[in-house]
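Fold and contact review
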Amino acid sequence: MREIRSVRARGRRMKQSSEAYDTDTSAAYDEDPSQPPLSQPLRGSLKPSSPEEMVLVPVLARPDLIITRNVEWANLAFGFEQENSYIIMDPRQPQAPVGYINELSNVFLRQILRTRRPFTATIYDGQSNVIFKVRRPTWVVNSSIFVEIDGNVIGECHRRWHLWRRIYDVYLGDQQFATVENPGFWNWTFSLKDKHGRTLAEIDRNWRGFGYEFLTDAGQYVIRFGDIHPDQSPHYIAPDEVLHGRGPLLTNTKQHSGVQEMHQLQTAAEEAEPLQVSRVLTLSERAVALALAISLDNDYFSRHSNPRGGFLPFYGSDV
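If you look the protein chain up in an unreviewed UniProt entry, it shows as Phospholipid scramblase from Physcomitrium patens. Checking UniProt for the protein chain, the heading Sequence similarities (unreviewed entry) contains the comment "Belongs to the phospholipid scramblase family."

1. Focus on the nonpolar core
Counting 54 residues, the largest nonpolar core has Phe132 and Ile203 as its most contacted members. Here this core takes 12 residues from helix α7 (residues 283-301), the largest share from any one element. When neighbours within four sequence positions are excluded, Ile203 is seen to be in contact with Trp188, Thr189, Phe190, Leu192, Tyr221, Val222, Ile223, Ala289, Leu292, Ala293, Leu296 and Phe301.

2. A word on a nonpolar patch on the surface
Taken together, the side chains of Val140, Val141, Trp161, Leu163, Trp164, Phe185 and Trp186 present a nonpolar region at the surface, about 840 Å² in accessible area. Mapped onto the fold, Phe185 is located in the loop between β9 (175-182) and β10 (189-193).

3. Re the confidence of the model for the protein chain
Averaged over all residues, the pLDDT of the protein chain equals 76, while 64% of them reach at least 70. Every residue in residues 230-257 is under pLDDT 50, and counting partners more than four places away or in other chains gives 49 contacts. In the model, residues 306-319 has pLDDT below 50 throughout and makes 33 contacts with residues more than four positions away in sequence or in other chains.

4. Overview of the side chain of Arg286
With respect to the helices and strands, the residue Arg286 is situated in helix α7. With sequence-adjacent residues up to four places away left out, Arg286 is seen in contact with Gln40, Leu46, Leu60, Ala61, Arg62, Phe225, Val280 and Leu281.

5. Quick notes on the environment of Ala178
Of note, Ala178 is situated in strand β9. Residue classification places Ala178 among the buried positions, given a relative accessible area of 1%. Along the sequence, Ala178 and Tyr168 sit 10 residues apart, while their C-alpha atoms lie 8.5 Å from each other. Excluding anything up to four places from it in sequence, Ala178 contacts Tyr168, Asp169, Val170, Leu192, Lys193 and Leu200.

Criteria and cut-off values
Residues numbered from 1 in each chain as written. Predicted model: local features only at pLDDT ≥ 70, side-chain atom pairs only at ≥ 80, totals over all residues. Heavy atoms only, no water. UniProt positions renumbered as here; feature names shortened; annotations may be inferred. Core = buried A, V, L, I, M, F, W, Y, C linked by side-chain atoms within 4.5 Å. Buried < 20%, exposed > 50% of the residue type's maximum accessible area, 1.4 Å probe, protein only. Helix = DSSP H or I, 4+ residues; strand = E, 2+ residues; numbered from the N terminus. Contact = heavy atoms within 4.5 Å. Patch = residues over 30% accessible without salt bridge, like charges linked within 9 Å, V, L, I, M, F, W, Y side chains within 5 Å. Areas by Shrake-Rupley, 256 points an atom, 1.4 Å probe, with all protein chains shown as cover. Salt bridge = Lys/Arg side-chain N within 4 Å of Asp/Glu carboxyl O. pLDDT = per-residue confidence, 0-100.

Here is the structure:
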């Protein structure tokens, strides 16, 4: 509890410094042509409000993200616990990853504590620039994860114990902005909802909106930040809006392997019905949602979350 109070105090200082930031400079974001173009415009809630939020833009200014955990061959073959690594894809711009996630943890603690091990994970953009870090301490009953930018904690997620439901409280600074209440059993949709019960985002293991063939591996899941209807907010983000006059980068098919699959995924993403949310999450809130997804992956999605195999909720980290 002392650590949590300290974290939230630092979050308040972070928020105060953000309020002093000149928001006009957020319009100066220079999109890197070597990375997939953004699929949401930087306006309204997505307009960076601080230099810390500016670095989040290349990865998080997107309505949907596909997170793929790399296969751990030593774990599959010998039960040797390895550090997790992930690829972050934007299904609307699938020509290249928009980011990566790499875990750093102690090799001995990984074998002993398994999914309860402490670790730090670094999130990179597509050019391997550090965007932010997440830190998950050792846990026994309830897991927690903290989001850090330049050494400052900006948000956190705490699992709340329940016999069968999976409940998480999600904070930005010292303000709780979302709660996750998953009914348990074989339900793998984790909806972030505000205090009024309205949807803000979704982390889904079973959503097939991009086509079944793209999410058949147990190491893949979707984070959906969604769009809202024009009459619900002045900050409406149109899913088909052309950004900066640039279209998809898939122009020379000879330069890409699997280009047909990428086109199929891009088409499926454009045709999929967007998640309707009550408001668009800010970039900082999306960073906390991504941290929650990493925590969920260790708690439930990972193969070693269940020593008996499969995804049975009562026989893995829930016990």
